[in-house]
Every structure is written in structure tokens, then in C-alpha cells.
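# Structural overview for review
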Amino acid sequence: MDEVRNPKAYQTRRITFSACHRLHSPHLSDEENKNVFGKCNHVNGHGHNYIVKVTLFGEIHPKTGMIMNMTELKKFMEEAIMKPMDHKNLDKDVEYFVTRPSTTENLTVFIWRQMKRVMHQPELLYEVEVYETENNIVKYRGE
């Protein structure tokens, strides 16, 4: 075992939240929105029970044996994800989606940015993975 460097590992925490949205782009006409988003463009929107996985990557601290305390990670996720989005209308309650459609891709980038903003060690953030449904999944790593 290399005693000079601490081993590195991945650490993931999963949460779920419920929210509604309407897939609608302010950059497209109503007709274009209907053609692009189909039934997901319904004027009254629709809801999802989103699953979010936040993964960290970093050194395992030799004294604590952790990359980050899971309780601390949970707090960051509550602040970055649950507080602004749980049981909300993403399009009306989250300013980020005023100028962009609330697709899972944009949602994943939003969560990444929120996590970076609230974490004490944002460099540990490796990946955000969002399940809109069991079949529709987006991952983002800050690219």
C-alpha cells in the first residue's frame, strides 16, 4: 500500500423529490414547442418523482475514513436540491428555468451549479445523475 498518498474513492448519495414542469422553450413558437415536446408541452404541465444521485470523488481522509461526512453531504443536497425544487413548479418557482426549458438536461446542470455553490469543498463534486423516469436519465460532470 502506498503510504505517501491517501487512496481515492467515489461516494454517492441518492435523494428523491417531486416537481411538475412543462417542456416549453421561450425560444420557439407555440407550434414549434408542440412539435418538439409533444404531450409534455401540455399547458398545465405534468409531474415527476425525480431521483438524483450526487457523486463525489476524492481522498479518503486517514483519520475519519471518509471523503465527506454523509450527514454534511445530505445537508448540501437539501439546500441545493430539496429546498428550491421539492413540490414546486420548476418553470414558475425556479428562476433558472424562466429563460430555458426545464428538460432533464437543464435540470441536471442546475443541480450541479447549486451543489457547487453550497458545498464547502466544491472540487469534490464529480457527477450529478438525474432520473426523470426509470428510462430517462441524464448525467453531468461539469463539462
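Details of the structure are given in the entry above.
Below is a short write-up of the structure. Counting from 1, residues in each chain are numbered in the order their sequence is written. At least 70 in pLDDT is required for a residue's local features to be given in this predicted model, at least 80 for side-chain atom pairs to be given and counted, and no such filter applies to totals for whole chains, interfaces and linings, which use all residues. Each side-chain value is worked out from all heavy atoms of the structure, with water and hydrogens disregarded.

## Here we look at the sheet that holds strand S1 (residues 8-21)
Operational definition: Pairing between two strands requires that DSSP report at least two bridges joining them. For helices the rule is a DSSP run of H or I covering at least 4 residues; for strands it is a run of E covering at least 2, with both sets numbered from the N terminus onward. We call two residues in contact whenever any of their non-hydrogen atoms come within 4.5 Å of each other. Helix axes use the C-alpha atoms of the stretch in contact, all axes being lines fitted to C-alpha atoms, and the angles between their N-to-C directions lie in the range 0 to 180 degrees.
In spatial order, the strands read S3-S1-S2-S4-S5; together these 5 strands make up an open sheet with mixed pairing. Of all strands in the sheet, those bounded by a partner on one side alone are strand S3 (88-89) and strand S5 (137-140). Taken together, the 2 bridges between S1 and S3 define a ladder with parallel strand orientation. Bridged to Cys20 within S3 is Asn89. Running over the sheet, helix H2 (residues 70-85) touches S1, strand S2 (46-59) and S3 and is turned about 25 degrees from S1.

## Some words on the nonpolar core
Keep this limit in mind: Take the buried residues of types Ala, Val, Leu, Ile, Met, Phe, Trp, Tyr and Cys, join any two whose side-chain atoms come within 4.5 Å, and each joined set is a nonpolar core. Type-normalised accessible area, obtained with a 1.4 Å probe on protein chains alone, sets the label of each residue: buried when under 20%, exposed when over 50%, and partly exposed for intermediate values.
Ile81 and Met115 are the most contacted members of the largest nonpolar core, which has 33 residues in total. Elements supplying a minimum of two residues to this core: S1, S2, H2, helix H4 (104-118) and strand S4 (125-131). Dropping the residues within four chain positions of it, Ile81 is found in contact with Ile15, Phe17, Val52, Val54, Asp86, Ile111 and Met115.

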